[in-house]
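# Observations on the model geometry
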Amino acid sequence: MARLADYFIVVGYDHEKPGSGAGLGKIIQRFPQKDWDDTPFPQGIELFCQPGGWQLSRERKQPTFFVVVLTDIDSDRHYCSCLTFYEAEINLQGTKKEETEGEVEVSGLIQPAEVFAPKSLVLVSRLDYPEIFRACLGLIYTVYVDSLNVSLESLIANLCACLVPAAGGSQKLFSLGAGDRQLIQTPLHDSLPVTGTSVALLFQQLGIQNVLSLFCAVLTENKVLFHSASFQRLSDACRALESLMFPLKYSYPYIPILPAQLLEVLSSPTPFIIGVHSVFKTDVHELILHPDLEVADHAFPPPRTALSHSKMLDKEVRAVFLRLFAQLFQGYRSCLQLIRIHAEPVIHFHKTAFLGQRGLVENDFLTKVLNGMAFAGFVSERGPPYRSCDLFDEVVAFEVERIKVEENNPMKMIKHVRELAEQLFKNENPNPHMAFQKVPRPTEGSHLRVHILPFPKINETRVQELIQENLAKNQNAPPASRVEKKCVVPAGPPVVSIMDKVTTVFNSAQRLEVVRNCISFIFENKTLETEKTLPAALRALKGKAARQCLTDELGLHVQQNRAILDHQQFDYIIRMMNCTLQVTFSSFRLLFLFENNTFFPRQFNNY
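Looking at an unreviewed UniProt entry, one finds the chain named UDENN domain-containing protein and attributed to Capra hircus.

Structure below.
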């Protein structure tokens, strides 16, 4: 069993440090008050629960909810769910002020508050159950705003002491003690991403072409920066993009919501997946045009009638990408070499053999993927011959031939996609008939009431006593770790070429055109165009046809005009020739040109 919540925190506006610009936040109360031995208290949480900065408002806004992801020094993630509401700011009202239930009394008359300060209820957990956390925080807020006859201390204590199953398709029905009935269902395989409807939503908001561009960018270790007017949409988008990488795992900085005070992180030289609010983007080319953006962060959104359909659409999209990776990595196990078993397995992957047998030696995209950290982690995690297996292992071992046969039969292809989608859906919902929730919600429009008391001070001693009582009751609960079912990983079919002759010819023609264009730009002294095409030309020179093309093109330029190149042009040519010579030493025509100084500048003898 594992704790549902590690910490519950109340964060408010810091009146003592307002600063000259944006305000600051401070932790008002935290529970438990002492750190857990296995989970230190997260630092800087007050920055993340108000990513846009702590700012006062002239109106009492709707309560909002979003999830922030923090990564600790051990690369473990902590999910910080934040429910923010606004309280009347008494200290900034008029000259003669007196606090009266969230209002200001001036000259005997009760005036509505004019300034409101944000306050956040934060739940920190190592588990990723955003909708459960929304319900729990929403319940605490409902008890407060509707003045229900329930002790906030008991709610918080029950939340911090609640233990839930770790994984394996188990479920647990629990209650915080306010007339609620909540159900947690753990996924069947914790190695499979849990996405809800986030993948389908990403495609709906950005479109197929944009998502595929992001997918290629993240696989080839480029920086990906999302911006949106909704914090929750940022979390959903980052979650969706990362899940599309399965069975690969993202190894670089992952910050779905970046606070304003930490924007300098964007200048980092490493790849990342980061989300920022659109208010920080000076030139916004808005791609996220979904009509529900205005209410996407609301803590109590209206019921979604088409939720089950969206979830299945989400899984169908993921099934397409799962088939893609199965085809891409088909036969990868035949290129693994187990170097050492104890104490930890050391496994080597023969990239050259894999690319060669698949006919993809000159494929830039797959080469970058195999050279990335995500694939290195894939080999380390999935390379051992004896381990627990999941859906990807089954598809890459037994379904690739079926995928190949179905390429020309759309109906069979769609059927297979739906079969895989059903398995992905079942992983997240192992007992769909039990998926019911009953959680009281606040009265509609309650946040606009004139008479609202500030969020009360929680009795810390009482909460701590209740937590200890609940933990004592749960001493006999099974440990959080579970026994994984391990088996011999199926090897699957051998490596085969996936590139037909037409595709190979087309790919080669593209590479030759890149080399020709780059040489033309060099001799025409078009520096900007040369800089753009040179990296691709250098990669193309790994192929024999491209090296021959370089020789022929240089020969043509010699015959047409014995050009005198400046130093920059000469450097470009030498870099291309050096790349060629590193690959092979059989290009006699290039060596002949080099020895006869055909392209040397006049000042070369002075070097």
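## Observations concerning the overall build of the chain
Looking only at helices and strands, the chain features 18 helices and 19 strands. In the chain, which comprises 607 residues, the proportion classed as buried is 48%. If you take every contact in the chain between residues at least 6 apart in sequence, the share linking residues at least 24 apart comes to 73%. Carbon and sulfur atoms make up 55% of the accessible area of the chain, which totals about 30,700 Å².

## Some thoughts on the sheet that holds strand β14 (residues 254–255)
In spatial order, the strands read β13-β15-β14; together these 3 strands make up an open sheet with parallel pairing. One side of each edge strand has no neighbouring strand; the edge strands of this open sheet are β13 (224–228) and β14. Alignment of β13 against strand β15 (residues 273–277), held across 5 bridges, turns out to be parallel. Its bridge partner being in β15, Phe-226 is matched across the sheet by Gly-275.

## Description of the environment of Pro-187
Summarising the element assignment, Pro-187 is placed in the loop between β12 (182–185) and α4 (198–206). With 21 residues separating them along the chain, Pro-187 and Ala-166 place their C-alpha atoms 9.2 Å apart. Contact partners of Pro-187, with chain neighbours within four places excluded, come to Tyr-129, Ala-167, Gly-168, Gly-169, Val-194 and Asn-427.

## Points about the sheet that holds strand β5 (residues 77–88)
Strand order in this open sheet of 5 strands is β3-β2-β9-β5-β4, and the pairing throughout is antiparallel. One side of each edge strand has no neighbouring strand; the edge strands of this open sheet are β3 (25–31) and β4 (64–71). The average undirected angle you get between the axes of adjacent strands in this sheet is 25°. Pairing between β4 and β5: 8 bridges, direction antiparallel. Paired with Val-67 across the bridge in β5 is Ser-81. Contacts from helix α6 (residues 231–244) reach β4 and β5 within the one sheet, and its direction differs from that of β4 by about 45°.

## A few points about unusual backbone geometry
The omega torsion across Phe-31 and Pro-32 is -10°, close enough to zero to call that bond cis. If you trace the backbone, Pro-32 turns up in the loop between β3 and α1 (45–48). Here the residue pair Phe-246 and Pro-247 is connected by a cis peptide bond, since its omega of 15° sits within 30 degrees of zero. Backbone geometry at Ser-75 places phi at a positive 65°, although glycine is not the residue there. Inspection of the secondary structure puts Ser-75 in the loop between β4 and β5. Of note in this structure, Asn-525 is not a glycine but carries a positive phi near 60°. Looking at the element boundaries, Asn-525 is found in the loop between α14 (501–523) and α15 (527–540). Asn-525 sits in the partly exposed class, given a relative accessible area of 42%.

Criteria and thresholds
- Residues numbered from 1 in each chain as written.
- Predicted model: local features only at pLDDT ≥ 70, side-chain atom pairs only at ≥ 80, totals over all residues.
- Heavy atoms only, no water.
- Helix = DSSP H or I, 4+ residues; strand = E, 2+ residues; numbered from the N terminus.
- Buried < 20%, exposed > 50% of the residue type's maximum accessible area, 1.4 Å probe, protein only.
- Contact = heavy atoms within 4.5 Å.
- Areas by Shrake-Rupley, 256 points an atom, 1.4 Å probe, with all protein chains shown as cover.
- Pairing = 2+ DSSP bridges.
- Axes fitted to C-alpha atoms, helices over the stretch in contact; angles between N-to-C directions.

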